[in-house]
Amino acid sequence: MTNETKTNLKTLPVLSIDAWGNPEDGYEWNEWFNVGTIDLDLDAENREIIQAMVNAGYLTPKGLDVAEVEDDGYNLVIIDKETREPAFAIEYGPTI
């Protein structure tokens, strides 16, 4: 995140996702597990979200190149760019 003051900073749950499926047909969440929290500005750009996940230890620095964010209307889902498999979700739904 940038050094400017963030006005929409929230502490949000981070979920680890166990998904079934494949790149051709898509993935469905089978199970998910609360693995911690992250302080995140809900107005952050996708790259800032990935960087926050790296800074918090959920992703390795390689995540900056191989992960992207999809918003499903309740979670910010961290997915693999190539396979589209979900790995983590940042649950914001109840906070809005």
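Preceding this paragraph is the structure being described.
Keep in mind that what you see is a predicted model, and the values were worked out from it rather than measured.

Parameters and conventions
Residues numbered from 1 in each chain as written. Predicted model: local features only at pLDDT ≥ 70, side-chain atom pairs only at ≥ 80, totals over all residues. Heavy atoms only, no water. Helix = DSSP H or I, 4+ residues; strand = E, 2+ residues; numbered from the N terminus. Rg over C-alpha atoms; globule rule 2.2 N^0.38 Å. Buried < 20%, exposed > 50% of the residue type's maximum accessible area, 1.4 Å probe, protein only. Contact = heavy atoms within 4.5 Å. Lys, Arg positive; Asp, Glu negative; His and termini not counted. Charge placed at Lys NZ, Arg CZ, Asp CG, Glu CD. Phe/Tyr/Trp six-rings, centres within 6.5 Å; stacked < 30°, edge-to-face > 60°. Polar contact = N/O pair within 3.5 Å; in protein donor to acceptor, adjacent residues only side chain to side chain. Core = buried A, V, L, I, M, F, W, Y, C linked by side-chain atoms within 4.5 Å.

A. Focus on the overall build of the protein chain. Counting secondary structure elements, the protein chain contains 2 helices and 5 strands. Element order for the protein chain, N to C, with α for helix and β for strand: β-β-α-α-β-β-β. Here the protein chain has a C-alpha radius of gyration of 13 Å; the compact-globule value for 96 residues is 12 Å, and the two agree. Its C-alpha atoms give the protein chain principal-axis dimensions of roughly 40 × 30 × 20 Å. When burial is assessed residue by residue, the protein chain has 35% of its 96 residues classed as buried. For the protein chain, long-range pairs separated by at least 24 residues make up 44% of all intrachain contacts whose partners lie at least 6 apart in sequence. Looking at charge distribution, the protein chain has the averaged site of its 6 positive side-chain charges lying 8 Å from that of its 20 negative ones.

B. Structural detail: the packing of aromatic side chains. Scanning the model with the defined rule gives 2 aromatic pairs in all. Each ring, one from Trp29 and one from Trp32, has its centre 5.5 Å from the other, and the planes form 65°; the classification is edge-to-face.

C. Highlighting the side chain of Asp41. Mapped onto the fold, Asp41 is located in strand β2 (residues 26-41). In this structure Asp41 comes out as buried when scored by relative accessible area, which is 4%. In terms of polar contacts, Asp41 uses its side chain to reach the backbone amide nitrogen of Asp43, at 2.7 Å.

D. Representation of the side chain of Asn75. Examined against the element boundaries, Asn75 turns out to sit in strand β4 (residues 75-80). Asn75 sits in the buried class, given a relative accessible area of 7%. Leaving out residues up to four positions away in the same chain, Asn75 has contacts with Leu15, Trp29, Glu70, Ala89, Ile90, Glu91 and Tyr92.

E. Focus on the nonpolar core. If you look at the biggest cluster of nonpolar residues, it comprises 20 residues, and the most contacted ones within it are Leu40, Ile49, Met53, Leu59, Ile78 and Ile90. Only β1 (9-22), β2, α1 (46-55), β3 (67-71), β4 and β5 (86-91) provide two or more residues apiece to this core. Discounting chain neighbours no more than four positions away, the residues touching Ile78 are Ile49, Ile50, Met53, Leu59, Ala67, Glu68, Val69, Glu85, Pro86, Ala87, Phe88 and Ile90. Core analysis: the second largest hydrophobic core is formed by 6 residues, Leu15, Ala19, Val77 and Ile79 among them.

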